Amino acid sequence: MSGTLFSDASSRLERALKYVSISDDAIERLKYPKASLNVSIPVRMDDGSLRIFQGYRVRYDDTRGPGKGGVRYHPNVSSDEVKSLAFWMTFKCALLDLPFGGAKGGITLNPKELSRAELERLSRGYIEAIADFIGPDVDILAPDVYTNEMIMGWMMDQYSVIQRKICPAVVTGKPLTMGGSQGRDTATGTGAFYVIHSLLPKFDKKPENTTVAVQGFGNAGAVVADLLAKAGYKVVAVSDSRGGVYTENGLDIAAIRQYKREHKGITAFYCEDTVCNIGEHRSISNEELLTLDVDVLIPAALENQITAENADKIQARYIFEVANGPTTSEADRILEEKGIFVFPDILVNAGGVTVSYFEWVQNRSGLYWRLTEINERLKERMVTEAEKVWVLSREFDISPRTAAYVHAIERLGEALDAKGTRDYYINGKMH
Ligand SMILES: NC(=O)C1=CN([C@@H]2O[C@H](COP(=O)(O)OP(=O)(O)OC[C@H]3O[C@@H](n4cnc5c(N)ncnc54)[C@H](O)[C@@H]3O)[C@@H](O)[C@H]2O)C=CC1
Ligand SMILES: O=C(O)CCC(=O)C(=O)O
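Everything numeric here is computed off the predicted structure, so don't read it as measured data.

Cut-offs applied
- Residues numbered from 1 in each chain as written.
- Chains lettered and ligands numbered in written order.
- Predicted model: local features only at pLDDT ≥ 70, side-chain atom pairs only at ≥ 80, totals over all residues.
- Heavy atoms only, no water.
- Phe/Tyr/Trp six-rings, centres within 6.5 Å; stacked < 30°, edge-to-face > 60°.
- Helix = DSSP H or I, 4+ residues; strand = E, 2+ residues; numbered from the N terminus.
- Buried < 20%, exposed > 50% of the residue type's maximum accessible area, 1.4 Å probe, protein only.
- Lys NZ or Arg CZ within 6 Å of the ring centre and 35° of its normal.
- Expected span 1.5 Å × (residues − 1).
- Contact = heavy atoms within 4.5 Å.
- Polar contact = N/O pair within 3.5 Å; in protein donor to acceptor, adjacent residues only side chain to side chain.
- Salt bridge = Lys/Arg side-chain N within 4 Å of Asp/Glu carboxyl O.
- Pairing = 2+ DSSP bridges.

This model, assessed by the stated rule, comprises 21 aromatic pairs. Ring centres 5.7 Å apart and planes at 85° place the aromatic pair Phe6 and Phe87 in the edge-to-face group. Of this pair, Phe6 sits in helix 1 (residues 5-17) while Phe87 sits in helix 3 (residues 79-95), placing them 81 residues apart in sequence. Taking the relative accessible area as the measure of exposure, Phe6 reaches 10% and is therefore buried. Three or more aromatic residues link up through ring pairs in this structure, and these residues are Phe203, Tyr318, Phe320, Phe341, Phe343 and Trp390. Of note, Lys83 hangs over the ring of Phe6, and the distance from its end group to the ring centre comes to 4.3 Å. The ring of Trp369 has Arg377 lying over it, and the distance from NZ or CZ to the ring centre is 3.9 Å.

Given below as structure tokens:
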């Protein structure tokens with residue numbers, strides 16, 4: 001990929017603009033993040049030393065409502081990455097018609113190297129540093145890569161300590177006992193399952209004749225793999241950061257999930273070593289997983305996995321992006337030429353933020369819903385918007401990604417124009 005992640009991400013916007021009629025003012029505003037904050041977070045480590053961590057929060061746009069988006073803990077977190085993730089959140093929330101703008105946060109670190117107490121001090125320190133930038137009506141946090149409900153609980157508690165009142169709606173993805181929602185922990189994978197299961201029949205694909213490979217076996221990837229396997233799809237390969245496993249006849253996903261909860265890594269469920277070939281199972285690398293001869297490929301780990309280097313080798317016919325930004329724009333062009341359908345992140349992984357919206361609504365109303373109600377509402381939204389994206393892509397003969405942006409930009413453009421430009425100063429005078 002040439003250029004930055006953000007320049008690559010925003011090239012998708014440029015492509016979609018050809019098919020929408022929104023004002024030049026609105027287009028100009030969508031090119032820049034509204035506000036960005038970089039913070040240094042001092043943390044006292046268990047050995048008594050002081051370590052400074054770099055943290056970020058970007059609110060890309062809040063025209064349709066408060067900023068909304070997760071917080072990532074990963075060694076590769078940078079201001080460019082967080083800006084790109086906040087950009088995607090803006091279009092994702094508009095696409096799902098949620099009353100939110102887009103935001104994202106992150107801290108540059110390898111969380112596996114910190115003790116639980118260090119992680120808690122870091123998470124509370126992050127909230128101390130960004131407290132004036134966030135709030136239930138301003139910018140609302142949630143989990144992302146290597147953050148979880150325990151961390152969300154600490155963050156919500158720290159914000160409440162600062163405000164001297166209980167503020168559950170500043171963070172979603174919290175533990176149930178702190179005002180979390182039923183179904184938020186499984187929402188991203190469940191939402192992705194609804195999208196996949198509603199779109200594949202358009203290609204006459206039935207579960208029993210559809211093979212699937214899933215890269216990334218975390219909160220999002222493990223749930224979608226499990227639901228697909230339960231629905232009768234043949235999930236032949238899964239992987240995590242340490243590598244993956246493959247079997248032609250389909251893996252026992254529920255058993256692998258159980259194993260991963262208790263151990264580190266998933267290859268070891270079948271193989272003692274990272275390179276193995278036991279019975280019908282064999283270990284595979286993450287790179288190999290992407291190019292397997294399967295019907296459906298689900299990248300569910302990190303950005304920039306499908307690039308100009310490997311796009312030509314992809315054999316899957318359908319890609320459903322559960323990760324944010326797994327495909328570069330150069331790769332997109334190659335995949336399109338090969339006739340591969342890529343269903344984009346801003347649609348496929350939007351189940352997480354949709355149930356976050358339900359959590360926020362429940363926190364503000366004080367009335368809590370059952371899991372069945374949550375999943376019914378989630379399914380209705382995901383299937384409705386997936387259908388709209390599909391119809392737009394056929395109508396204009398454009399890729400599902402461009403169609404998703406067209407749909408989101410129309411909603412965003414309308415909101416931006418309705419709000420006006422707020423240009424108080426014309427010719428040096430205030431109006
Ligand atoms: N958690 C959520 O609600 C949402 C997550 N997403 C996106 O889904 C993706 C995964 O996030 P989560 O599942 O939440 O994170 P997670 O932290 O629960 O899991 C990440 C998984 O990816 C694996 N992984 C890390 N590096 C890898 C690599 N190089 N190759 C293969 N696997 C690798 C890890 O081992 C782990 O299994 C990210 O792109 C995230 O932004 C999108 C929407 C919502
Ligand atoms: O649940 C949320 O608010 C946001 C989840 C997220 O970070 C994402 O969709 O990428």
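A separate point is helix 5 (residues 149-163). The first and last C-alpha atoms of helix 5 sit 21 Å apart over 15 residues, in line with the 21 Å expected at 1.5 Å per residue. Every buried residue belonging to helix 5 is among Ile151, Met152, Gly153, Trp154, Met155, Met156, Gln158, Tyr159 and Ser160, and all of these are buried. Packed against the buried residues of helix 5 are strand 4 (71-74) and helix 4 (116-130). Where helix 5 starts, the residue carrying a side-chain oxygen 3.2 Å from the main-chain nitrogen of Met150 turns out to be Asn148. Directly after helix 5, the chain includes Arg164, whose backbone phi takes a positive value near 60°.

As a further point, take the pattern of salt bridges. In the structure shown here, the tally under the stated rule is 30 salt bridges. As a salt-bridge pair, Asp144 and Lys104 come within 3.1 Å of each other at their nearest N and O atoms. With Asp144 in the loop between strand 6 (139-140) and helix 5 and Lys104 in strand 5 (residues 101-108), this pair connects stretches of sequence that are 40 residues apart. Of the two residues examined, Asp144 and Lys104, each falls in the buried class. Glu373 is paired through a salt bridge with Arg370; the nearest N and O atoms lie 4.0 Å apart.

The next subject is the pairing of strand 9 (residues 243-246). Because side chains alternate across strand 9, one face comprises the buried residues Gly243 and Val245, and the other comprises Gly244 and Tyr246, equally buried. Looking at chain direction, strand 8 (residues 234-240) and strand 9 are connected through four bridges and run antiparallel. In the strand pairing of strand 9, Ala237 is matched with Tyr246. The pairing of strand 9 with strand 11 (residues 281-284) spans three bridges and is classified as antiparallel. The partner of Val245 across the bridge, within strand 11, is Ser283.

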